[in-house]
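Analysis of the macromolecular model
For reference, the chains in residue letters:
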There are 2 protein chains.
Amino acid sequence: MTELWRERPVGIVGLGLIGGSLALDLRAHGARVHALVHRQTTAQRAIERGLADRIATDSQVLVDCDLVVLALPLDRLLNPAPALLEALPAGAVLTDVGSVKAPVLDRWQPLWPRFVAGHPMAGTALAGVEAGQRELFKGRPWVATPAAETDPEALEQVKALAEVVGARWITCAAAAHDRAVALISHLPVLVSAALLLAADHAAPDPELAGLVRALASSGFADTTRVGGGNPELGTLMATHNQAALGEALLAYGQQLGALQALVQQGRFDQLEASLRLAQELRPPFL
Amino acid sequence: MTELWRERPVGIVGLGLIGGSLALDLRAHGARVHALVHRQTTAQRAIERGLADRIATDSQVLVDCDLVVLALPLDRLLNPAPALLEALPAGAVLTDVGSVKAPVLDRWQPLWPRFVAGHPMAGTALAGVEAGQRELFKGRPWVATPAAETDPEALEQVKALAEVVGARWITCAAAAHDRAVALISHLPVLVSAALLLAADHAAPDPELAGLVRALASSGFADTTRVGGGNPELGTLMATHNQAALGEALLAYGQQLGALQALVQQGRFDQLEASLRLAQELRPPFL
């Protein structure tokens, strides 16, 4: 099998953190990249940064591509512009990078026979045309969630793309992916945001409010990092992974409620046993 | 006023992370340090590390000290050994480093007229005689919680000690301290531990369990760091700050419950507003 990224230009729709980083890595590996972006100002800046070989706001830029990556925010991915749908080259392998997979598969599988649902799990705090960087995907998971209808050859093409940028290829069912990311990615955002809201709300008088801010240390900073992140991104994840996130919140509430009961009832031996279990559980996640 | 640490040896009871670090810094600033430790093996290792000028398991080692720091774990601080009480030099300024202040003040103020309740807020993941390090306190808060009965001159002596090791001196009421650390230090431990327990418990089948561990990224690692920490320490904090931690858990539950309701009811505009507020709240804590 020939890897499409070696033969013909790879199309990338969107040059934000993921699209821009992928474009830079592919070019560094000798691929040609043709990119479609939404705004003329983005195109100009992307050209200045050398993110791709051809960059345009006109969807004709994708015409020669046999492999196209939709590196769009989740809302635009789930509600694609009609002009984008018309511009995708018939017969191309098409994949996405969305952080939720079941709704993406539901939307795109019926539209596009050679669609592969994917999720490269790499990120920084940055977004937009300035965010793309080399080696973002190195050693990070790139999850694909093939359905029964997924073209096996298209899946292999996307795998080759993931591997050339150094990602770890993982496949699983879309529902399993969405449950997993609800637990380890979307739930932490709400858990962490609630901590910021509580630390503010429970210290209403100025003296205590000043004190909590003066005394907060690296532990508080770490625990609140994801909760203090991009609100649009957190909301998109919640919107499109609502059911799995709801289940994760229920599971979380049970665990926290159990710890809370141990504190209230003064059952500190059992609290220590729970904290010991948490300590033992953590290393395999790292 | 003469700073006691310049004149006569400073006594330190316990050479763990806080006691050992304080001893190293004081010696580097020209003070003599006499240290009392619990076990002969600790004394031997502390002598090898050069943590203090004199180190012994016999409380006579403190006899010349006009300023003594109790750098003991909270349980031993609140239930001091009779031999320790007998060995403290009469008239000395006495201070502690415990992470909860109201119970410490209740215990020690009636016992010792020149007692000052203190809490240097510095830490690493380490503990024990190997943990002490230079400049642990630099730029970190050192909180004192004087009571109406606290000797002002004793308070000044402890302030001088904190400042010589580069800490930021802060005073507040013991109850305010305990409420603040419940919110920014003790609550995060439970919030974070519950996330580890939920991520484990909500993925009971081996496939999903493997997936959550494979996909967990730096966000999950950060949010769970303090929850995966020392279980004894977390339990001691909960035990001795039970009421304030209980209130903090209630406040947290209300905030998380509100976010959960927004997700369940699909009120995503309001969810985004809450996440935006969390984002805005965070920088003043850092």
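Residues numbered from 1 in each chain as written. Chains lettered and ligands numbered in written order. Predicted model: local features only at pLDDT ≥ 70, side-chain atom pairs only at ≥ 80, totals over all residues. Heavy atoms only, no water.

Let us look at the overall build of chain A. Counting secondary structure elements, chain A contains 13 helices and nine strands. If one aligns the C-alpha atoms of chain A with their principal axes, the spans along those axes are about 70 × 40 × 30 Å. Within chain A, buried positions represent 57% of all 286 residues. Considering only contacts within chain A whose residues lie at least 6 apart along the sequence, 67% involve residues at least 24 apart. Summed over all atoms, the accessible surface of chain A reaches about 11,300 Å², with 51% contributed by carbon and sulfur. With 23 positive and 29 negative side-chain charges, chain A shows a spacing of 4 Å between the two charge centroids. (Helix = DSSP H or I, 4+ residues; strand = E, 2+ residues; numbered from the N terminus. Buried < 20%, exposed > 50% of the residue type's maximum accessible area, 1.4 Å probe, protein only. Contact = heavy atoms within 4.5 Å. Areas by Shrake-Rupley, 256 points an atom, 1.4 Å probe, with all protein chains shown as cover. Lys, Arg positive; Asp, Glu negative; His and termini not counted. Charge placed at Lys NZ, Arg CZ, Asp CG, Glu CD.)

Of the two same-sequence chains, chain B is brought onto chain A (RMSD 0.0 Å, axial shift 0.0 Å) by a rotation of 180 degrees. What the superposition gives is, in effect, a two-fold axis relating one chain to the other. Among all residues of chain B, the one whose C-alpha sits closest to the rotation axis is T223 of chain B, at a distance of 2.1 Å. Taken together, the interface assignments show that 100% of the residues at the interface of chain B recur at the interface of chain A, consistent with an identical surface on both copies. (Least-squares fit on C-alpha atoms with pLDDT ≥ 70 in both.)

Residues and elements named next belong to chain B. In spatial order, the strands read β3-β2-β1-β4-β5-β6; together these six strands make up an open sheet with parallel pairing. Single-partner strands in this sheet number two, and they are β3 (54–56) and β6 (115–116). Note that strand β4 (residues 67–70) and strand β5 (residues 93–96) share four bridges and pair parallel. Bridged to V68 within β5 is L94. On top of the sheet, helix α7 (residues 152–164) reaches β4, β5 and β6; it is set at about 55 degrees to β5, its chief contact. (Pairing = 2+ DSSP bridges. Axes fitted to C-alpha atoms, helices over the stretch in contact; angles between N-to-C directions.)

Quick look at the sheet that holds strand β2 (residues 33–36) of chain A now. Residue and element names in this part refer to chain A. Pairing is parallel across the open sheet formed by six strands, whose spatial order is β3-β2-β1-β4-β5-β6. With one partner strand each, in any of the chains shown, β3 (54–56) and β6 (115–116) form the two edges of the open sheet. Inspection of the sheet shows strand β5 (residues 93–96) paired to β6 by two bridges, in the parallel sense. Following the sheet pairing, T95 is matched in β6 by V116. Contacts from helix α7 (residues 152–164) reach β1 (10–13), β4 (67–70), β5 and β6 within the one sheet, and its direction differs from that of β5 by about 55 degrees.

Residues and elements named next belong to chain B. A rise of 1.5 Å per residue sets the reference length of α7, with its 13 residues, at 18 Å; its end C-alpha atoms lie 19 Å apart and thus fit the reference within 8%. Among the residues of α7, A154, L155, Q157, V158, A160, L161, A162 and V164 are the ones counted as buried. The opening residue of α7 is D151, an N-cap whose side-chain oxygen sits 2.8 Å from the backbone nitrogen of E153. Positive backbone phi, approximately 85 degrees, marks G166, located one or two places after α7. (Expected span 1.5 Å × (residues − 1). Polar contact = N/O pair within 3.5 Å; in protein donor to acceptor, adjacent residues only side chain to side chain.)

Between chain B and chain A, the residue contacts involve 86 residues of the former and 87 residues of the latter. Both faces considered, chain B and chain A share a buried interface measuring about 8,100 Å² in area, 71% of it formed by carbon and sulfur atoms. Scanning the region where chain B abuts chain A turns up four salt bridges. The salt bridge involving D222 of chain A is made with R225 of chain B; its shortest N-O contact spans 2.5 Å. Here chain B and chain A share 16 residue pairs in polar contact (both at pLDDT 80 or more) between them. (Buried area = accessible area lost by both parts, 1.4 Å probe. Salt bridge = Lys/Arg side-chain N within 4 Å of Asp/Glu carboxyl O.)

Time to look at the domain arrangement of chain A. All names here are of chain A. One can read the domain layout of chain A as domain 1 (4–172) and domain 2 (176–285). On a C-alpha basis, the centroid separation for the pair domain 1 and domain 2 is 32 Å. Opposite the 13 residues of domain 1 that make contact, domain 2 presents nine residues. For the pair domain 1 and domain 2, the summed buried area comes to about 870 Å², and 73% of that belongs to carbon and sulfur atoms. Broken down residue by residue, the surface that domain 1 buries against domain 2 is led by L74, S99 and V100, which jointly contribute 39%. (Domains from an automatic or database assignment.)

Our focus in this paragraph is the pairing of strand β2 (residues 33–36) of chain B. Residue and element names in this part refer to chain B. Side chains V33 and A35 project from β2 onto one buried face, and the interleaved H34 and L36 project onto a second face that is buried too. In this structure, strand β1 (residues 10–13) lies alongside β2, joined through four bridges in parallel fashion. Directly across from V13, in β2, lies its bridge partner L36. The handedness of the β1 to β2 crossover, carried by helix α2 (residues 17–28), is right-handed. Summarising the sheet, β2 and β3 pair through three bridges and their orientation is parallel. Residue pairing across strands places H34 opposite R54, the latter belonging to β3. Handedness of the β-α-β unit built from β2, helix α3 (residues 40–49) and β3 comes out right-handed. (Right-handed = clockwise from strand over helix to strand, strands pointing away.)

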